[in-house]
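Here is how the chains run, residue by residue.
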Amino acid sequence: MTKGIPIKLEPAPAWTAILLFVVITILGIIAGAGTIMRILLPVVGFAVGLFLYRRYPVLYLGFMWWLWFLMPLVRRLIDYRSNWVNPSPVLLVAPVVTWITVDTFLKYLPRAYKQGGLPFILGFTSILYGFIIGLIKSTPIFAIRALIDWFTPILLGFYLFINWRDYPRYRQNIQRTFLWGVLVMGVYGLVQYVIAPEWDRFWLINARMFSMGNPEPFGIRLWSTMNSTGPFAATMMVGLLLLFNNNSPLRIPASIAGYLSFLLTLSRTMWASWFFGLASLTSSLKPKIQMRIIISILVMGICIVPLTTIEPFSEVIGSRLATFSDLGNDHSAEVRQQIYEESLGKALSMVLGNGIGNTFTITEQGELRSLVIDSGILDMFFTLGWFGTLPYVSGLLLLVYSVFQYPEIRRDSFMSAARAIGLSNLIGLPIGSAMLGVGGCYIWGFLGLTMAAHKYHQHQNKLSSDMESIAE
């Protein structure tokens, strides 16, 4: 169990670069310089990310996660202060900074197989295939844009896996980052629900995201600082599972804000995934650690449950929870069932696939939009076909098989949480494209981190054995 870590803005060069990016972002929003900021932020973000990647890799990882957390909100503020633009290059800042890890991928790929990196090789092979088909059947712009969504998670997972020697520092950084992330995003989510800030209403109206509620107080289905309800719910699920492994004094306020906002996403898929992740986490640990987690659950329940029984939270949360007992009359469940009935046969007949990028279209208003497929399984077959889906799924299954072979997971509670996070996001594939974007980062990234933990513990055990041999 990790303890609370005091905030220290050290090393100074790294934090100077990060704060420079923050100041530029704030000044650009205040000035309403939308045109400039849409170009400047990806460039400056990449420059700062590259500097941190080269000099301060642990801070690079934290900087990258915060970009995933906050850049959608920055985009909304920029649009509100200037003009609506879709697609917005601001949303590329986080993926572009994550793509800096392609340097590690290209450097270590030739010997990755010998180090246990076969799952990432298989994933890369299938995506490369899909990209080539996408270039043939679609346009380069669409194919490259979709490639970012597909390949970013594998790059991150491979980066964490290869840098297994830094596992303790990455573990500490991720704990701290998601603690503050849950607190900040949870509090903002509650503000969004109660107040419905003008920039969020402006975005909801222009984006025409009708599934995310009405642009009015108490009518929004939370997405907080992120770009939609699904990614936000997945992020909160990750952060809330990590909080069980954190002893910081901020854990209680973060949990209260986090669980309330998580419930107000009304995302039953992520609620179920959280329960699955919690079961996976607790069942894999030693009884002593299990007891600590059970006590944590009881304390959090005492703090949070009473708040869910009062207005303005009780009615909307209660009515959504009630649908679990009446799925037969649930509209969204019926829609998904209809999608499978209409599309499964066609998807399974795709041998070559349509290629990466064929789900993007240009609307009459000139906006780039992606066709939403409420199934990661269907999305894989439509995009990659059998030729691409088989190696991709094989890579994921090999990852899952590998992380269930590690005995160290019983004594490393963070390692257990990382595995639970990867698996709980993975089970969402039948009802959403969880392998793309930030959701995919939680699958590939945290399963890759679990593999890194295993290699680190193996190395430590070997060192201990060598020291004992020398002593004898």
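Rules used throughout
Per chain, the residues get numbers from 1 upward, laid out in the order the sequence is written. Since the coordinates come from a predicted model, pLDDT governs what is reported: local features require at least 70, and pairs of side-chain atoms require 80 or more to be given and counted, while whole-chain, interface and lining totals use all residues. Hydrogens are left out, water is left out, and the side-chain values use all remaining heavy atoms of the structure. In DSSP terms, a helix is any run of H or I states spanning at least four residues, a strand is any run of E spanning at least two, and both are numbered starting from the N terminus. Here's how the labels work: a residue is buried when its accessible area is under 20% of the maximum for its type, exposed when over 50%, partly exposed in between, all with a 1.4 Å probe on protein chains only. The criterion used for residue contact is that any of the two residues' heavy atoms lie within 4.5 Å. Here the open area of atoms and residues is found with the Shrake-Rupley method and a 1.4 Å probe, where only the protein chains shown may cover a residue. Charge counting follows a simple rule: Lys and Arg are positive, Asp and Glu are negative, and His as well as the terminal groups are ignored. Working definition for charges: the position is that of NZ of Lys, CZ of Arg, CG of Asp or CD of Glu. In protein, a polar contact means a hydrogen-donor-capable atom and an acceptor-capable atom, both N or O and within 3.5 Å, with residues adjacent in sequence counting only if both atoms are side-chain atoms; elsewhere, any N or O pair within 3.5 Å suffices. Any carboxyl oxygen of Asp or Glu within 4 Å of a side-chain nitrogen of Lys or Arg constitutes a salt bridge here. Here an angle of 0 to 180 degrees is reported between the N-to-C directions of two axes, which are lines fitted to C-alpha atoms, with helices fitted over the stretch in contact. Any angle that is under 35 degrees is reported as roughly parallel, and any over 145 degrees as roughly antiparallel; angles of 65 to 115 degrees are reported as roughly perpendicular and all others as oblique. The rule is short: rings of Phe, Tyr and Trp, with Trp giving its six-membered ring, pair when the centres are within 6.5 Å, and they are stacked under 30 degrees, edge-to-face over 60, tilted in between. Residue polarity follows a fixed list, in which Ala, Val, Leu, Ile, Met, Phe, Trp, Tyr, Cys and Pro are nonpolar, Asp, Glu, Lys and Arg are charged, and the others, Gly among them, are polar. A helix is expected to span 1.5 Å multiplied by its residue count minus one.

Caption draft 1: Inspection of the overall build of the protein at higher detail. Assigned secondary structure in the protein consists of 18 helices and 2 strands. The principal-axis extent of the C-alpha atoms belonging to the protein is close to 75 × 55 × 55 Å. By residue count, 53% of the 472 residues in the protein fall in the buried class. Across the protein, the fraction of contacts at a sequence separation of at least 24, relative to all contacts at a separation of at least 6, is 79%. On the protein, roughly 20400 Å² of surface is accessible, and the fraction owed to carbon and sulfur atoms is 67%. Charge separation in the protein, taken as the distance between the mean sites of 34 positive and 24 negative side-chain charges, equals 10 Å.

Caption draft 2: Focus on the side chain of Ser284. Among the secondary structure elements, Ser284 is positioned in the loop between α12 (268–283) and α13 (287–308). You can call Ser284 buried: its relative accessible area is 8%. At 3.1 Å, the side chain of Ser284 forms a polar contact with the backbone oxygen of Ser280. In this structure the side chain of Ser284 is engaged in a polar contact, spanning 2.4 Å, whose partner is the side chain of Ser416.

Caption draft 3: Spotlight on the pattern of salt bridges. Summed over all chains, the structure comprises 7 salt bridges. Close ionic contact of Arg54 with Asp103 constitutes a salt bridge, the shortest N to O distance being 3.6 Å. One end of the pair, Arg54, is in helix α2 (residues 34–55); the other, Asp103, is in helix α5 (residues 102–108), and 49 residues separate them in sequence. Assessed through its relative accessible area of 30%, Asp103 is described here as partly exposed.

Caption draft 4: Highlighting the packing of helix α11 (residues 251–264) against α12. For the pair α11 and α12, the least separation of the axes is 9 Å and the interaxial angle reads 135°. When the interaxial angle is binned, α11 and α12 end up oblique. Counting all contacts with α11, which are made through Tyr259, Phe262 and Leu263, the residues of α12 involved are Met270, Trp271 and Trp274.

Caption draft 5: Spatial organisation of the packing of aromatic side chains. A full pass over the atoms with the stated rule returns 35 aromatic pairs. Here Trp65 and Phe178 contribute two aromatic rings whose centre-to-centre distance is 5.3 Å and whose plane-to-plane angle is 65°, an arrangement assigned as edge-to-face. Placement of Trp65 in helix α3 (residues 57–81) and of Phe178 in helix α8 (residues 167–195) is noted, with a sequence separation of 113 residues between them. Owing to a relative accessible area of 1%, Trp65 belongs among the buried residues under this scheme. Judged by its relative accessible area of 1%, Phe178 falls in the buried class. With 6.0 Å between their ring centres and 75° between their planes, Tyr80 and Phe202 make a pair best called edge-to-face. Remark: Phe202 occurs in helix α9 (residues 198–207) and Tyr80 occurs in helix α3; sequence separation between them is 122 residues. We classify Phe202 as partly exposed; its relative accessible area is 25%. Every member of this aromatic cluster is reached through a ring pair, and the members are Trp99, Phe105, Phe120, Phe124, Trp150, Phe151, Phe158, Phe161, Tyr392 and Trp444.

Caption draft 6: Seen up close, the packing of helix α6 (residues 118–137) against helix α7 (residues 140–162). It is the contact of α6 with α7, at a shortest axis distance of 10 Å, that shows an interaxial angle of 175°. The angle between the axes of α6 and α7 places the two elements in the roughly antiparallel class. Of the residues in α7, those touching α6 at Phe120, Gly123, Phe124, Ile127, Phe131, Gly134 and Leu135 are Pro140, Ala143, Ile144, Leu147, Trp150, Phe151, Ile154, Gly157, Phe158 and Phe161. The residue inventory of the contact of α6 with α7, partitioned by class, reads 14 nonpolar, 3 polar and no charged.

Caption draft 7: How the structure looks around α8. Along its 29 residues, α8 runs 41 Å from first to last C-alpha, staying within 8% of the 42 Å computed at 1.5 Å per residue. Positive backbone phi, approximately 55°, marks Ala196, located one or two places after α8.

Caption draft 8: Broad picture of unusual backbone geometry. A cis geometry characterises the amide bond from Asn86 onward to Pro87, with omega recorded as 5°. Along the chain, the position of Pro87 falls in the loop between α3 and α4 (93–98).

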